[in-house]
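Report on the structure
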Amino acid sequence: MSSLPRRAKVKVQTVVSKDEFSSLSELSSASEDDKEDSAWEPQKKVPRSRKLPVSKESKPKRAPRVKKNTLQTKDGSEGVAVKEELNSSVPIADVDLEDRKNKLETVQTLKTAKMKRKNSAQSPSARRTKKLKADEETNKASSLESGSNSTEKPSTSATWEGGCKKEESEDDFTCSQSPLKKVKTEMCPQGQPVRFPANANIIKEEVEMNWDIVQVLSERTDIELWVCANIIRLFNDDNTIPFIIRYRKELINNLDADSLREVQQTLEELRAVAKKAYNTIQKIKKEGKMSECLLKALLNCKTFEELEHVSAPYKTGSKGTKAQRAKQLGLEGAARTLLENPGDLNLLSYIRPNVKGLSALQDIETGVQHILADMIAKDKDTLDFIRKLCQNRYICIQSSLAKVSSKKVNEKDVDKFLLYQNFSCNIRNIQHHQILAINRGENLKILTVKVNISDGVKNEFCRWCIQNRWRPRGFARPELMKILYNSLDDSFKRLIYPLLCREFRAKLTSDAEKESVMMFGRNLRQLLLTSPVPGRTLMGVDPGYKHGCKLAIISPTSQILHTDVVYLHCGQGFREAEKIKRLLLNFNCSTVVIGNGTACRETEAYFADLIMKNYFAPLDIVYCIVSEAGASVYSVSPEANKEMPGLDPNLRSAVSIARRVQDPLAELVKIEPKHIGVGMYQHDVSQTLLKATLDSVVEECVSFVGVDINICSEVLLRHIAGLNANRAKNIIEWREKNGPFINREQLKKVKGLGPKSFQQCAGFIRVNQEYIRTFCSRQQTESAGKMQGVAVASSAGVEVTNEKQGKKKSKTAVNAVLKPNPLDQTCIHPESYDIAMRFLSFVGGTLCEIGKPEMQQKINSFLDREGIEKTAERLQTTVHTLQVIIDGLSQPESFDFRTDFDKPDFKRSIVCLEDLQVGTVLTGKVENATLFGIFVDIGVGRSGLIPIRNVTEAKLSKTKKRRSLGLGPGERVEVQVLNIDIPRSRITLDLIRVL
């Protein structure tokens, strides 16, 4: 196995500032020590054999670091000096540089070859140590290359130059030995931008197939080739979706998060097919059954269905196909002769009276027929033709009531599938929700489903085969042509038709599942991005009958002020009203949040009645209904127990309900996304795909909103791009031990947060400057009169181990590193700080003016004169990056883009279902969106449905900032009642407009 990392090593563009703000540009560069801290990771998705015990002396983490760290002392000033020296560009003659690079490459090649020869005799620990040394040589070579490029223009993000860099080739992928651990490499280890070199859109994968992954990905997702190549390269380098969407927009041609997620899922699917094909090939090779034809067929497979079709006869324990049994009798030669030279074929010569299967001429004809049918069904050109033919013909999917369903299935379940008991639809027109419904009915044994391909397709297919692909090369006697015709008929009925049915069903199901999951993701995003209601004291009510309604009053900062239980629906309503009024007055609370679970309608009527009577005067009370989906699951979770120890789980639900209005994002991330309940057929789809998509949506929402690193919770922090549960825990522990973070650079000191993690998360983490100013001034006051070294250490969070070290510490250098940076409270990435400072100098602004109206005025007047494209060119960056910088400098402190979205619908009165009439115009709030319609809460206890045909583009708001293409949870709409079915409690609505 090659010792080189699989990922291509791309030249790092080091941004070197030469103006007065050069000190700030150093914040985005990482030290050599950061490079060493890259985590060891095993090769992904490869089964590993058991590790041998490794002695302490052979641990590869320590040995190389001794030499490297001799350059850096624990002294802060010297550390900064080394950083500056590493980042400064040294003029070198091009010829000398090339010579040195060639020498290094030669040394590296020799070492790699030497290591390959010794690999078999070395212990695992020795191999890892050698590998690390080889990687060091590679790092030296790449540092030289970056030095040579330091004179190029700085760029904040990569510019497309025609393609992606071709990955370095790797030896044959083997599963027989334990894979070597690899140092995780980054394309931009210092958080610097990437520039992909101009190259073809060819990316080498671990498993080479007969198709190009970029080409297939482009065809399946309908996205340009160069964009697909860039996306693969970005994902190969472990970039997260939020980071790519915000800071690498020009590389993905402005794709949105949902499209990018779809490409990622398709890419993973293609790689899984390639991986399975490789494993199948290895397995068949071991059994000695591999042929050149079979290998080609396996390498041509692009889907799991194709792979299953080709490999099925070779599965262990299989009796073998009819064709295989005929081949074992020695009839393959006869079949090939029939096609290539039919004049020489004499079937009578194959008769063996004592051998079963060769005793009669009819048996021999049947055997030849089976071999030909198998050859036809596995031929790539033949399958491509029949697939293309089916695209232009009427293919329908039919479902009917299963004959045995009435005996085993509940009658109520059968009634649910009334629409699909005699259903037929063209596969090109069938809706996604219909496919999911049919599949569910089939799984419950209620429905029987089949795909119907017309006889015309079969006839045209057979005619094409005889005239083109399978036409004999010479004159064939009528009896031989009859065998060929029978082979075509047998091949289509027995092999090709079932394959096409499986492919159609699998494609329809896959598309429906993906659309269902994407719909769930869109709904979840809109729910998470519901506008918060800060600054209010809220009363959360978890309704109930027998066990009472649980109350929880929370402060504007989400602290629990009071919890209680009241029994409103057991004849004690009047007595409990006084208690509720006293609580509301005591805590000056004027907003009640009611969960939409059991007894919600009665509890809403109770509060509406008291509000109408002005019972709570002088308070003007309003209430809103909020979904309590997942609240009960969360209330008994370990996170809830840790956050609210000693509190009854039922009361925790009331707290959660109130907090969902105060800050929906911070509260809903605590709940597993699938329990939030804004999806469709979520239990019928792939749970792996569902979890991956929903987790990605949560990460996207939390990252784009951003978190204040010094006050956010661990649960919220773990959903930031580039972070996970362990890293979030380490950040919180570092904060508790060393005090608040002064700037983003201090994140690099956190255990487990390497250069790649820092690059991914830095732009989404905020450092509130007002909080830091208060903290720093308080620290200076407390440290007055103490030793200078100790005072510096306490404010910096640096542990001073001995007096000698503190004596030589340079105060100015430490202050330079720990100086708060106002850019840390913006969405600007540290890699762009240098450009942001130069842009500030252009517009004549200062760091103190960030987020103020004066800054907005200066930027607008400058851009009116110069234009954004010309300014980006002057700054040697892209328009997208400059736009992020402009947004970061213009947005006020503590800016939250969720304020543009809908707030909860606060009410004072209630309407009953019986009060509704056809034609009534109402306002409501979208509760859930599905593929067949939109459910709207119009305040009558039952949600009304707007059929999807009534949701037209003309009715959707153009000016309003939208979070996705369609309607989603939380949006306020104006609707008209079309139909009321009181016995079935169904209300049909028409959408008038989005409010």
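Everything numeric in this text was worked out from a predicted model, so none of it was measured.

Cut-off values and rules
Residues numbered from 1 in each chain as written. Predicted model: local features only at pLDDT ≥ 70, side-chain atom pairs only at ≥ 80, totals over all residues. Heavy atoms only, no water. Helix = DSSP H or I, 4+ residues; strand = E, 2+ residues; numbered from the N terminus. Buried < 20%, exposed > 50% of the residue type's maximum accessible area, 1.4 Å probe, protein only. Contact = heavy atoms within 4.5 Å. Areas by Shrake-Rupley, 256 points an atom, 1.4 Å probe, with all protein chains shown as cover. Core = buried A, V, L, I, M, F, W, Y, C linked by side-chain atoms within 4.5 Å. 1 Å grid on protein atoms, 1.4 Å probe; cavity = no way out; pocket = protein on both sides within 12 Å on 5 of 7 lines; lining within 4 Å. Points joined across faces, edges and corners; volume = space filled by probe spheres on them. Nonpolar A, V, L, I, M, F, W, Y, C, P; charged D, E, K, R; others polar. Pairing = 2+ DSSP bridges. Axes fitted to C-alpha atoms, helices over the stretch in contact; angles between N-to-C directions. Salt bridge = Lys/Arg side-chain N within 4 Å of Asp/Glu carboxyl O. UniProt positions renumbered as here; feature names shortened; annotations may be inferred. Right-handed = clockwise from strand over helix to strand, strands pointing away. Expected span 1.5 Å × (residues − 1). Phe/Tyr/Trp six-rings, centres within 6.5 Å; stacked < 30°, edge-to-face > 60°. Parallel < 35°, antiparallel > 145°, perpendicular 65-115°, else oblique. Left-handed = near helix turned anticlockwise from the far one by under 90°. Polar contact = N/O pair within 3.5 Å; in protein donor to acceptor, adjacent residues only side chain to side chain.

With that settled, consider the overall build of the protein. Per the secondary structure count, the protein includes 39 helices and 17 strands. Here the protein holds 995 residues, and 51% of them are scored as buried. A separation of at least 24 residues holds for 74% of the contacts in the protein among residues at least 6 apart in sequence. Per element, the accessible surface of the protein, about 48,600 Å² overall, is 51% carbon and sulfur.

Here Leu583 shows up in helix 22 (residues 573–586). With residues near it in sequence (within four places) discarded, Leu583 still touches Met539, Leu551, Ile553, His562 and Asp564.

All right, on to the nonpolar core then. One finds Ile252, Leu717 and Ile720 to be the most contacted residues of the largest nonpolar core, which totals 110 residues. In terms of residue count, helix 10 (residues 257–286) provides more of this core than any other element does, 10 residues in total. Each residue touching Ile720, except ones within four places of it in the same chain, is listed here: Glu699, Val702, Ser703, Val707, Cys761, Phe764 and Ile765.

Put simply, the second largest pocket is a space of about 1,500 Å³. Tyr681, Phe932, Phe935, Leu945 and Arg986 are, among the 33 residues lining the second largest pocket, the residues nearest its centre. Among the residues making up the lining of the second largest pocket, the classes are represented as 14 nonpolar, 10 polar and nine charged.

Let us now look at the sheet that holds strand 6 (residues 538–542). Spatially, five strands are ordered 8-7-6-9-10 in an open sheet, and the strand pairing comes out mixed. Lying at the two open borders of the sheet, with one neighbouring strand each, are strand 8 (560–566) and strand 10 (622–626). Looking at each pair of strands side by side, their axes are set apart by 20 degrees on average, direction ignored. Pairing of strand 7 (residues 549–554) with strand 8 involves six bridges; the strand directions are antiparallel. If you follow Ala552 over to strand 8, its bridge partner there is Thr563. Each of strand 6, strand 7 and strand 8 touches helix 22; the most contacted strand, strand 8, lies at about 175 degrees to it.

Let us now look at the pattern of salt bridges. The final tally for this structure, using the stated rule, is 41 salt bridges. A salt bridge links Glu643 to Arg659; its shortest N-O distance comes to 2.7 Å. Of this pair, Glu643 sits in helix 25 (residues 638–643) while Arg659 sits in helix 26 (residues 649–662), and the two are 16 residues apart along the sequence. By relative accessible area, Glu643 is classed as partly exposed at 36%. A cluster of three or more residues bridged by salt bridges with shared partners is formed by Glu306, Lys380, Asp384, Arg387 and Glu503.

When the UniProt feature table is mapped to this numbering, "coiled-coil region" (unreviewed entry) covers residues 260–287. Strand forms 0% of residues 260–287 and helix 96%; the C-alpha atoms that close the span are 41 Å apart.

Take unusual backbone geometry next. Backbone torsion omega between Ala617 and Pro618 reads 10 degrees, so that peptide bond is classified as cis. Among the structural elements, Pro618 can be located in the loop between helix 23 (600–612) and strand 10. Positioned with a positive phi, Asp222 is a non-glycine residue whose angle comes to about 60 degrees. Its place among the elements puts Asp222 in the loop between helix 7 (213–221) and helix 8 (225–236). A positive phi angle is found at Ala599, which is not glycine, with a value near 70 degrees. Note on placement: Ala599 falls in the loop between strand 9 (591–595) and helix 23.

Whether parallel or antiparallel, the strands of a sheet pair through hydrogen bonds between backbone atoms. Spatially, the three strands line up as an open sheet ordered 4-3-5, and their pairing is antiparallel. For this open sheet the edge positions go to strand 4 (422–426) and strand 5 (447–453), each flanked by a neighbour on one side alone. Taking each pair of neighbouring strands and ignoring which way they run, the sheet shows an average axis angle of 15 degrees. Of the pairings in the sheet, the one linking strand 3 (residues 395–401) to strand 4 comprises five bridges and is antiparallel in character. The partner of Ser399 across the bridge, within strand 4, is Phe423. Sheet strands in contact with helix 19 (residues 432–443) are strand 3, strand 4 and strand 5, and its direction is about 125 degrees off that of strand 5.

Moving on, we come to the pairing of strand 10. Burial within strand 10 is extensive, with five of its five residues counted as buried. Neither face of strand 10 is exposed, since Val622, Cys624 and Val626 on one face and Tyr623 and Ile625 on the opposite face are all buried. With five bridges joining them, strand 9 and strand 10 adopt parallel strand pairing. Counterpart to Ile594 in the pairing with strand 10 is Ile625. For the segment spanning strand 9, helix 23 and strand 10, crossover handedness is right-handed.

The first and last C-alpha atoms of helix 20 (residues 455–469) sit 20 Å apart over 15 residues, in line with the 21 Å expected at 1.5 Å per residue. Where helix 20 is buried, its residues contact helix 15 (361–377), helix 16 (380–391), strand 5 and helix 21 (478–528).

Right, let's talk about the packing of aromatic side chains for a bit. Enumeration over the complete set of coordinates arrives at 12 aromatic pairs. Aromatic side chains Trp734 and Phe741 sit 4.6 Å apart centroid to centroid with 25 degrees between the ring planes, which places their arrangement in the stacked category. The buried category is assigned to Trp734, whose relative accessible area is 11%. Judged by relative accessible area, which is 0%, Phe741 ranks as buried. Ring centres 6.3 Å apart and planes at 35 degrees place the aromatic pair Phe842 and Phe862 in the tilted group.

Now for the side chain of Gln324. Here Gln324 is to be found in helix 13 (residues 322–328). For Gln324, a relative accessible area of 16% translates into the label buried. When near neighbours in sequence (up to four residues on either side) are disregarded, Gln324 contacts Pro313 and Tyr314.

What follows concerns helix 39 (residues 879–890). Spanning 12 residues, helix 39 covers 16 Å between terminal C-alpha atoms, matching the ideal 16 Å at 1.5 Å per step. Buried within helix 39 are the following residues: Thr881, Leu882, Val884, Ile885, Ile886, Gly888, Leu889 and Ser890.

The next point concerns the packing of helix 21 against helix 28 (residues 687–705). Running from N to C, helix 21 and helix 28 cross one another at 30 degrees; their axes reach a closest spacing of 9 Å. Judged by the inter-axis angle, helix 21 sits roughly parallel to helix 28. Classified by chirality, the crossing of helix 28 by helix 21 is right-handed. For the pair helix 21 and helix 28, the contacting residues are Lys514, Val517, Phe520, Gly521, Leu524, Arg525 and Leu528 in the first and Leu689, Leu690, Thr693, Leu694, Val697, Val698, Glu700 and Cys701 in the second.

The next point concerns the environment of Lys249. Relative to the assigned elements, Lys249 resides in the loop between helix 9 (241–247) and helix 10. Expressed as a C-alpha distance, the spacing of Lys249 and Val879, which sit 630 residues apart in the sequence, is 9.8 Å. Discounting chain neighbours no more than four positions away, the residues touching Lys249 are Ile244, Asn254 and His880.

Moving on, we get to the side chain of Thr693. Mapping Thr693 onto the fold places it in helix 28. Reaching out from Thr693, the side chain makes a polar contact with the backbone oxygen of Leu689 at a distance of 2.9 Å. For Thr693, the residues in contact, after removing those within four places along its chain, are Arg261, Gln265 and Val517.

Moving on, we get to the packing of helix 19 against helix 21. The geometry of a pair of packed helices is captured by two quantities: the angle between their axes and the separation between those axes. At a minimum axis separation of 9 Å, helix 19 and helix 21 run at an interaxial angle of 115 degrees. Here helix 19 lies roughly perpendicular to helix 21, going by the angle between them. Crossing of helix 19 over helix 21 shows left-handed handedness. Of the residues in helix 21, those touching helix 19 at His432, Ile435, Leu436, Asn439 and Glu442 are Arg505, Leu508, Thr509, Asp511, Ala512, Glu513, Glu515 and Ser516.

Looking now at the pairing of strand 13 (residues 921–929). Note: strand 13 against strand 16 (residues 972–981), five bridges, orientation antiparallel. Looking across to strand 16, one finds that Leu922 is bridged to Val975. Where strand 13 meets strand 14 (residues 933–937), four bridges bridge the pair, whose relative direction is antiparallel. Within the sheet, the bridge partner assigned to Val926 lies in strand 14 and is Val936.

Looking at the secondary structure, you find Gly548 in the loop between strand 6 and strand 7. When the C-alpha atoms of Gly548 and Tyr567 are compared, they prove to be 4.4 Å apart, with 19 residues separating the residues in sequence. With sequence-adjacent residues up to four places away left out, Gly548 is seen in contact with Asp542, Pro543, Val565, Val566 and Tyr567.

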